Amino acid sequence: MTTLRILLGDQLSDSIASLADLDVAADTVLMAEVRDECTYVRHHKKKIVLVLSAMRHFAERLRARGVRVDYVTFDDPDNTHSLRGEMLRAARRLQCERIVVTEPGEWRLLEDISGWQQASGVAVEIRDDGRFLCSQRQFRHWAAGRRALRMEFFYREMRRGHAVLMDENEPAGGRWNFDAENRKRMPGGVRAPAVPGFAPDAVTQAVIDLVAREFGAHFGELEGFDLPVTAEQASVALDHFIRERLAGFGDWQDFMRSGEAVLFHALISTSMNCGLLAPLDACRAAEAAWRDGIAPLNAVEGFVRQILGWREYVRGIYWLRMPQYGHLNALGATRPLPEFYWSGETGMNCMAHVITDTRAHAYAHHIQRLMITGNFALLAGLDPDQVDEWYLIVYADAYQWVEMPNVRGMALFADGGVMGSKPYAASGAYINRMSDYCRGCAYDVKAATGSRACPFNFLYWDFISRHQDRLSANPRMAMPVRSLARMDPGRIEAMRSQAAVFLDGMG
Ligand code: FAD
Ligand code: SF4
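Being a predicted model, the structure only gives us computed values, none of them experimental. (Residues numbered from 1 in each chain as written. Chains lettered and ligands numbered in written order. Predicted model: local features only at pLDDT ≥ 70, side-chain atom pairs only at ≥ 80, totals over all residues. Heavy atoms only, no water.)

Draft legend 1. A look at the domain arrangement of the protein. Each assigned domain of the protein is listed with its residue range as follows: domain 1 (3-127), domain 2 (136-200 + 228-321) and domain 3 (340-504). Residue-level contacts link 16 residues of domain 1 with 14 residues of domain 2. Approximately 1,100 Å² of surface area, both sides summed, lies buried where domain 1 meets domain 2, with 57% of it carried by carbon and sulfur atoms. It is Leu 50, Arg 61 and Glu 103 that lose the most area in domain 1 upon contact with domain 2, and together they represent 36% of the buried surface on that side. (Domains from an automatic or database assignment. Contact = heavy atoms within 4.5 Å. Buried area = accessible area lost by both parts, 1.4 Å probe.)

Draft legend 2. Structural context of the site of ligand 2. Around ligand 2, the surrounding shell consists of Met 348, Asn 349, Cys 350, Gly 428, Ile 431, Tyr 437, Cys 438, Cys 441, Tyr 443, Val 445, Cys 454 and Phe 456. Counting only elements with at least two residues in the shell around ligand 2, the list comes to α14 (349-361) and α18 (428-433). A breakdown of the residues in the shell around ligand 2 according to their chemical character gives ten nonpolar, two polar and no charged. (Near = heavy atom within 4 Å. Helix = DSSP H or I, 4+ residues; strand = E, 2+ residues; numbered from the N terminus. Nonpolar A, V, L, I, M, F, W, Y, C, P; charged D, E, K, R; others polar.)

Draft legend 3. Seen up close, the site of ligand 1. Within the structure, ligand 1 sits among 29 residues, and His 265, Ala 266, Leu 267, Asn 273 and Tyr 363 are positioned closest to it. In this structure, His 265 approaches ligand 1 through a side-chain N or O atom, which is 2.7 Å from an oxygen atom. Between Arg 369 and ligand 1, the recorded distance is 3.5 Å, taken from a side-chain N or O atom to a nitrogen atom. Only α10 (269-274), α12 (297-321), α15 (366-380) and α17 (400-411) provide two or more residues apiece to the shell around ligand 1. Among the residues making up the shell around ligand 1, the classes are represented as 18 nonpolar, seven polar and four charged. Inspection of the shell around ligand 1 shows a minimum of three residues originating in each of domain 2 (136-200 + 228-321) and domain 3 (340-504). (Polar contact = N/O pair within 3.5 Å; in protein donor to acceptor, adjacent residues only side chain to side chain.)

Draft legend 4. Here's a closer look at the packing of α14 against α15. Put simply, α14 and α15 touch, their axes get as near as 10 Å, and they point 120° apart. With respect to each other, α14 and α15 are oriented oblique. Along this stretch, α14 crosses α15, giving a crossing that reads as left-handed. Residues Cys 350, Met 351, Val 354, Ile 355 and Asp 357 of α14 form the contact with α15, whose participating residues are Gln 368, Ile 372, Thr 373 and Phe 376. Tallied by class, the residues present in the contact of α14 with α15 amount to six nonpolar, two polar and one charged. (Axes fitted to C-alpha atoms, helices over the stretch in contact; angles between N-to-C directions. Parallel < 35°, antiparallel > 145°, perpendicular 65-115°, else oblique. Left-handed = near helix turned anticlockwise from the far one by under 90°.)

Draft legend 5. Local environment of the sheet that holds strand β3 (residues 69-72). Within the open sheet, the five strands sit side by side as β3-β2-β1-β4-β5. Their pairing is parallel. Since the sheet does not close on itself, it has two edges, and those belong to β3 and β5 (123-127), each with one partner. The average angle at which neighbouring strand axes cross in this sheet is 20°, direction not considered. Helix α3 (residues 83-94) contacts β1 (3-6), β2 (28-32), β3 and β4 (98-102) of the sheet and is inclined by roughly 150° relative to β2. (Pairing = 2+ DSSP bridges.)

Draft legend 6. How the structure looks around the pattern of salt bridges. The full count for this structure, using the stated rule, is 39 salt bridges. The closest approach of N and O atoms between Arg 191 and Glu 260, which form a salt bridge, is 3.1 Å. With a gap of 69 residues between them, Arg 191 in the loop between β7 (170-171) and α8 (202-214) and Glu 260 in the loop between α9 (231-252) and α10 connect regions that are remote in the sequence. Given a relative accessible area of 23%, Glu 260 falls into the partly exposed group. Residue Arg 335 pairs with Asp 504 through a salt bridge whose shortest N-O separation is 3.5 Å. Within this pair, whereas Arg 335 is found in the loop between α12 and α13 (340-343), its partner Asp 504 is found in helix α22 (residues 489-504), the two being separated by 169 residues in sequence. Its relative accessible area of 60% is what places Asp 504 among the exposed residues. Taken together, the shared-partner salt bridges in this structure form one network comprising Arg 5, Asp 21, Asp 27, Arg 98, Glu 125 and Arg 127. (Salt bridge = Lys/Arg side-chain N within 4 Å of Asp/Glu carboxyl O. Buried < 20%, exposed > 50% of the residue type's maximum accessible area, 1.4 Å probe, protein only.)

Draft legend 7. View of the side chain of Asn 457. Structurally, the position occupied by Asn 457 is in helix α19 (residues 455-466). For Asn 457, the side chain forms a polar contact with the main-chain oxygen of Ala 447, separated by 2.8 Å. Not counting residues up to four positions away in its chain, the partners in contact with Asn 457 are Ser 427, Gly 428, Ala 429, Asp 444, Val 445, Lys 446, Ala 447 and Ala 448.

Draft legend 8. Broad picture of the packing of aromatic side chains. Evaluation of the coordinates by the stated rule reveals 27 aromatic pairs. Between the aromatic rings of Tyr 341 and Phe 376, the centroid separation amounts to 6.4 Å while the plane-to-plane angle is 50°, which identifies the pairing as tilted. Taken together, the residues span a long stretch of sequence, with Tyr 341 in helix α13 and Phe 376 in helix α15 at a distance of 35 residues. A relative accessible area of 0% means that Tyr 341 is categorised as buried. Ring centres of Phe 376 and Phe 456 lie 5.7 Å apart, and the angle between their planes is 70°; on these two criteria the pair is classed as edge-to-face. (Phe/Tyr/Trp six-rings, centres within 6.5 Å; stacked < 30°, edge-to-face > 60°.)

As structure tokens, this is what we get:
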């Protein structure tokens, strides 16, 4: 029986479920570069290079194993430029009796794939994506009957279930969470080790030329592409992180420095999310580094929590709550995304730096995403649909299963508290404490009113004031709501007027 096995661009793993029972003699693997997937949002140019180059390299890897790969290039004159169209063409061409595919990472694709059987007249089997450490079914089981879906409790179960950082039945070091030790300001003299780059080979160069030709108008810079595009390169990048930067990851993971986006972060999400690196391998490598005395426990636990905890948890939330999750707007935010999210042209030095890093590298680290561009969007009341789309476009690691809960849930509180127990709202004082941005800014981070006042200050109090009824019911927001109540009404009025003028003038 001929089986057509379809691999999507983020399913580039030897262990992918759709290849599990591959019959090399009889089966064909279909991979297709289609315009629809490059343009349903106008992805950053480097993100398109990453996915297409990684696909071409993976096809070669399969062929080297003797697998028959039907690879439809972007320039193929018969390319229909949709996944469904290529599935139908291949099913006809090969006269296959069965189609096997692994569940995709986005709701819109799952809906489409669910109609393939009817469209093709061929039996379609959609398999669970076993590369994740918690299946959708397991997450639903964990969530059932709970009032609050807090990540911390999910994470503990994942630690136990996968025996990561456990000493018998107890957490290594006697505590589950060392986060309180991971919020330090990085001293000026500390320099982060350089991140290894992977110069484009001929395959990647051909894709870069294609992207320049076809998607030149998309956001972001194409020059300097050096992300891992094979499993071997992803493994080199992980090893380098474990040896050189993991030890500093814990202490300084929340710190931001001008012109240095990666600092002590791993820069592995691009590889993990398209399948070049297995999440459990990254966790085990970090644990081994701690047991070998290479990195301290606060750093290793912090890193493991991001992968075994947050990464699996946000995926669980996405599939549990879609499609409704994509429409949530608990704070009623409607303001359009300002143009400077694309251009980076703003007097706010923190925003300008994060957007410039993002344009250049299709990367910004977690706190840049959460506490700068995300925090601004929250305080300014930007429309969650537009913010959501921006994040999906601009980061090379962005797929909806991970991007959407982080944006709508964590950054914007648009889910009303499904993910987080409070909005991550912060004034300029936080940014000043956790970065060097304010030193080079035209605004004064200490001022909340007046011509040089830091916009994060008056927007913060405008936000608290606008939502005080809702926030006063949240014990974790009691302090700012009480501070607001103690403030001189004239001062509140001055900040709110300044916020209104600023927001209306954003363009
Ligand atoms: P590190 O900081 O070194 O962390 C290690 C790994 O932990 C990451 O590679 C990632 O796989 C995982 N991780 C850490 N935090 C999270 C999280 N909150 N959710 C899921 N995984 C996490 N991550 C994406 O992979 N794709 C996205 O589109 C994305 N969008 C985000 C949008 C917003 C508003 C925010 C606040 C966070 C977003 N994240 C996203 C999570 C996180 O910022 C990135 O995973 C991280 O910055 C990737 O860089 P790194 O590999 O250097 O991570
Ligand atoms: Fe950002 Fe305000 Fe600091 Fe300027 S002063 S960098 S706007 S927080």
